[in-house]
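# Working through the structure, step by step
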Amino acid sequence: MPDRLMAIAADVARKSGHEYVATEHILLALLTEESSIGTRVFRALGVPPERVREEVDKVVPAGFGKTRAKQLPFTPRAKKCIDRAAEEAKRLGFASVSSAHVLLGLVSEEEGVAAHVVLNLGLKLEDVRRTTLDQLIRRDEGRDTKIDDRGSCPHRARKPASKRAAPRKRSR
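Remember, it's a predicted structure, so these values are computed and weren't measured experimentally. (Residues numbered from 1 in each chain as written. Predicted model: local features only at pLDDT ≥ 70, side-chain atom pairs only at ≥ 80, totals over all residues. Heavy atoms only, no water.)

To continue, consider the packing of helix H5 (residues 76-91) against helix H6 (residues 99-108). Relative orientation of the contacting elements H5 and H6 amounts to 120°, with a least axis distance of 7 Å. With respect to their mutual orientation, H5 and H6 come out oblique. In the crossing of H5 with H6, the sense of the turn from one axis to the other is right-handed. Here H5 contributes Cys81, Arg84, Ala85, Glu88 and Ala89 to the contact with H6, which in turn contributes His101, Val102, Leu104, Gly105, Leu106 and Ser108. (Axes fitted to C-alpha atoms, helices over the stretch in contact; angles between N-to-C directions. Helix = DSSP H or I, 4+ residues; strand = E, 2+ residues; numbered from the N terminus. Parallel < 35°, antiparallel > 145°, perpendicular 65-115°, else oblique. Left-handed = near helix turned anticlockwise from the far one by under 90°. Contact = heavy atoms within 4.5 Å.)

Below is the structure:
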């Protein structure tokens, strides 16, 4: 799991006066950098990150003051999104979870605040999913990455180490 992203989500929650990390905080964390996958996806769909932030502020009222807790708990729905991100990474054949997988996890949880924000912006969750997958393809360009209709990258799936051929020694 992208630890840095989760730390940013916790900071977003604290600054919002919340004592928990929820899907909306993770969504906002994905938009903190101009070059981030979240920013690129929403811009590609015609929605600037500022509009996403404004919509989150409309949907979720700010808490009372800033929390001083060092560790903020994740809501059950945020945990579910993180689990789904790990499932997406595995299904797509990635060894680790990236921010793109987290975004895929957020839009797969249709009842979360993050998904409601996306819908309130006039976007379809499937469009966000497809654009995110397109961004993954662009990141892997040059590797002949193809994603099938189910959203899988068949070429990325690797055989377990025990089934791979042993490397051959080169003779001189």
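The next subject is the nonpolar core. Of all hydrophobic cores here, the largest spans 45 residues; its most connected members are Ile26, Leu27, Phe42, Val52 and Val102. For this core, the secondary structure elements donating two or more residues are helix H1 (3-15), helix H2 (23-29), helix H3 (37-44), helix H4 (49-59), H5, H6, helix H7 (113-120) and helix H8 (125-139). Here this core takes seven residues from H1, the largest share from any one element. In this structure, isoleucine 26 is in contact with Met6, Ala9, Val21, Phe74, Ala78, Ile82, Val102 and Leu106, ignoring residues within four places of it in sequence. (Core = buried A, V, L, I, M, F, W, Y, C linked by side-chain atoms within 4.5 Å. Buried < 20%, exposed > 50% of the residue type's maximum accessible area, 1.4 Å probe, protein only.)

So, about the pattern of salt bridges. Enumeration over the complete set of coordinates arrives at nine salt bridges. The salt bridge partner of glutamate 55 is lysine 58, with a shortest N-O separation of 3.6 Å. Linking glutamate 55 with lysine 58, this pair stays in helix H4, spanning three residues, or about one helical turn. By relative accessible area, lysine 58 is classed as exposed at 66%. For the salt bridge of glutamate 109 with arginine 77, the shortest nitrogen-to-oxygen distance reads 2.9 Å. You can see glutamate 109 sitting in the loop between H6 and H7 and its partner arginine 77 sitting in helix H5, a full 32 residues away along the chain. What emerges from the salt-bridge pattern is a single network uniting Arg77, Lys80, Arg84 and Glu109. (Salt bridge = Lys/Arg side-chain N within 4 Å of Asp/Glu carboxyl O.)

Here we take up the packing of H3 against H6. Running from N to C, H3 and H6 cross one another at 55°; their axes reach a closest spacing of 9 Å. It follows that H3 is oblique to H6 by the angle criterion. Residue-level contacts link Ile37, Gly38, Val41 and Phe42 of H3 to Ser99, Ala100 and Leu103 of H6. A breakdown of the residues in the contact of H3 with H6 according to their chemical character gives five nonpolar, two polar and no charged. (Nonpolar A, V, L, I, M, F, W, Y, C, P; charged D, E, K, R; others polar.)

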